[in-house]
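Residues per chain, in single letters:
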Amino acid sequence: MKRIRTRFAPSPTGYMHIGNLRTALYAYLFAKSQGGDFILRIEDTDRARYVADAVDFIERTLAAAKIIPDEGPHHGGNFAPYVQSERMDIYKKYAEQLVADGHAYREDGAIRQKMPRVGETTFFDVLHGNITIANSELEDQVLLKSDGMPTYNFANVIDDHLMEVSHIIRGTEFITSTPKHVLLYEFFGWELPTFIHLAPVMGKADDGTVSKLSKRHGATSFNDLIEAGYLPEAITNYVALLGWSPKNSCQEIFSMDELIKNFSLDGLSKSPAVFDYAKLDWMSGEYFKAMTDENFAAVAEKYFVDFDAPKKIFLASLLKTRVAKLSEIPAMISFLKNLPPFDVELFTNKRNKLTPQKSAEILAPAIKILEQVDDWSLDALNEKISAFVAQSGLKVGAVMWPLRIALSMQKVTPGGVTEILYLLGKKISLERLNGALEKLT
């Protein structure tokens with residue numbers, strides 16, 4: 001059988017949109033699942049939209065997503081160069097061949113493809129079946145511009161053939177261009193590749209309307225999502241499920257090796273997929289929960305700079321089950337560095353029958369006990385607080401509420417009283433508890 005070879009051929013025009021990342025991922029997964037090759041090719045012939053350093057950015061993005069090309073600008077390969085602007089002589093040669101064969105003609109310094117005026121052009125798409133377009137609808141497209149630059153529709157056909165690409169995976173927006181490509185293959189007498197045109201990725205607005213994913217829906221590039229604090233592995237995993245599902249399995253969390261093992265073209269959907277940030281949050285949270293405390297502390301390092309090593313690991317154990325993205329961490333732990341303003345209303349808790357006065361009555365003896373604690377470790381603090389609760393005759397919640405509010409001035413905290421005491425240390429803990437007691441009385 002012919003070796004499976006796929007390609008990802010982005011234009012270096014900026015960040016990698018989620019739709020582009022998904023195209024690259026599916027092309028990679030299919031090639032790897034079949035023991036084939038995945039090619040990165042840079043289509044930079046549109047110089048007006050060229051962005052400096054975009055090629056490096058594309059390669060860094062693919063590396064972060066664990067999508068590793070077998071061939072490409074910096075990966076080598078037998079079909080170099082893999083940057084279209086470095087292949088100008090190749091395109092000129094084939095354009096001239098079409099002119100000589102009567103399938104193209106010169107006009108105003110450019111070379112145009114000569115389309116048949118009658119009949120139809122049909123091609124088969126794995127997802128959409130046979131697609132037929134009347135030749136009368138096809139314009140004589142420019143193949144080579146007057147400055148010698150090839151157009152996308154010409155260069156990608158030449159390169160796909162010469163690089164022996166067997167399967168072309170790309171978005172549905174290219175379906176209308178494909179008959180022009182098919183005619184070029186026929187003019188040259190080349191074998192057609194297999195076409196797979198992916199349905200678009202959609203976004204849902206606040207009012208429930210669905211449209212093609214764009215900035216108004218939130219973060220829409222791989223880099224945006226990384227900046228928001230999602231793990232690269234979680235993003236890749238989630239993007240894989242935007243239009244593909246494994247056969248005979250309800251599994252949703254996949255390593256890259258598992259994606260490769262399970263991927264098949266018959267798992268692709270021809271219906272648009274909706275990017276669901278809540279689902280991404282869930283998946284990202286599952287990745288965090290599965291991490292060791294040490295690994296989570298490492299990925300969240302920039303948020304933990306104010307803590308020593310043992311406390312970083314401990315804080316990681318508290319946070320990794322509570323966050324969907326790393327950017328949530330600052331708001332969760334800001335109270336540890338800066339105590340929010342005093343709010344007497346927080347000391348009222350109907351469930352535990354607490355008032356500010358009752359809270360003060362609990363804080364006073366608790367402070368006296370904590371002042372005597374020399375071993376400010378978690379175990380020792382747990383022992384002292386548990387003994388105080390038992391001695392008070394009150395429910396655990398009734399004791400813990402005023403202590404936690406005094407220490408944090410917020411209703412929800414990662415960790416309870418003993419955890420906060422440990423993280424703050426004895427000096428700051430007692431300062432906060434005494435300060436709250438003084439204001440309450």
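For the structure given in this document, a descriptive report is provided here. None of the values given here were measured: they were computed from a predicted structure.

Criteria and thresholds
- Residues numbered from 1 in each chain as written.
- Predicted model: local features only at pLDDT ≥ 70, side-chain atom pairs only at ≥ 80, totals over all residues.
- Heavy atoms only, no water.
- Helix = DSSP H or I, 4+ residues; strand = E, 2+ residues; numbered from the N terminus.
- Buried < 20%, exposed > 50% of the residue type's maximum accessible area, 1.4 Å probe, protein only.
- Pairing = 2+ DSSP bridges.
- Axes fitted to C-alpha atoms, helices over the stretch in contact; angles between N-to-C directions.
- Contact = heavy atoms within 4.5 Å.
- Parallel < 35°, antiparallel > 145°, perpendicular 65-115°, else oblique.
- Nonpolar A, V, L, I, M, F, W, Y, C, P; charged D, E, K, R; others polar.
- Lys, Arg positive; Asp, Glu negative; His and termini not counted.
- Salt bridge = Lys/Arg side-chain N within 4 Å of Asp/Glu carboxyl O.
- Polar contact = N/O pair within 3.5 Å; in protein donor to acceptor, adjacent residues only side chain to side chain.

A few points about the environment of aspartate 281
Piece 1. Here aspartate 281 is to be found in helix H9 (residues 277–290).
Piece 2. Look at aspartate 281 and you get partly exposed, because its relative accessible area is 22%.
Piece 3. Through-space distance from the C-alpha of aspartate 281 to that of leucine 437 is 39 Å; in sequence the pair is 156 residues apart.

A word on the sheet that holds strand S12 (residues 273–275)
Piece 1. Read from one edge of the open sheet, three strands run S11-S10-S12, paired in mixed fashion. Here the strands that pair on one side only, and so sit at the sheet edges, are strand S11 (210–212) and S12. Here the average twist between neighbouring strands, direction ignored, is 45 degrees.
Piece 2. Bridge count for strand S10 (residues 201–204) against S12 is three bridges, and the pairing is parallel.

Some details on the sheet that holds strand S3 (residues 104–107)
Piece 1. Spatially, three strands are ordered S3-S4-S7 in an open sheet, and the strand pairing comes out antiparallel. Each end of this open sheet is capped by a strand with a single partner; those strands are S3 and strand S7 (142–144). Averaged over all adjacent pairs, the angle separating strand axes in this sheet is 40 degrees, with direction ignored.
Piece 2. The pairing of strand S4 (residues 110–113) with S7 spans two bridges and is antiparallel. Across the sheet, residue arginine 112 finds its bridge partner in S7, namely valine 142.
Piece 3. Strand contacts of helix H3 (residues 88–101): S3, S4 and S7, with the helix running at about 105 degrees to S3, the strand carrying the most contacts.

Some points on the packing of helix H16 (residues 417–424) against helix H17 (residues 426–440)
Piece 1. Contact pair H16 / H17: the axes reach a minimum separation of 6 Å and the direction vectors enclose 120 degrees. Taken together, the axes of H16 and H17 are oblique relative to one another. Facing Ile420, Leu421 and Leu424 of H16, the residues of H17 in contact are Lys426, Ile428, Ser429, Arg432 and Leu433.
Piece 2. Within the contact of H16 with H17, the residues separate by chemical class into five nonpolar, one polar and two charged.

Side note on the side chain of arginine 22
Piece 1. With respect to the helices and strands, the residue arginine 22 is situated in helix H1 (residues 18–33).
Piece 2. One buried charged residue, arginine 22, forms no salt bridge at all, with the nearest opposite charge on glutamate 173 at 7.5 Å.
Piece 3. In terms of polar contacts, arginine 22 uses its side chain to reach the backbone carbonyl oxygen of leucine 242, at 2.6 Å.

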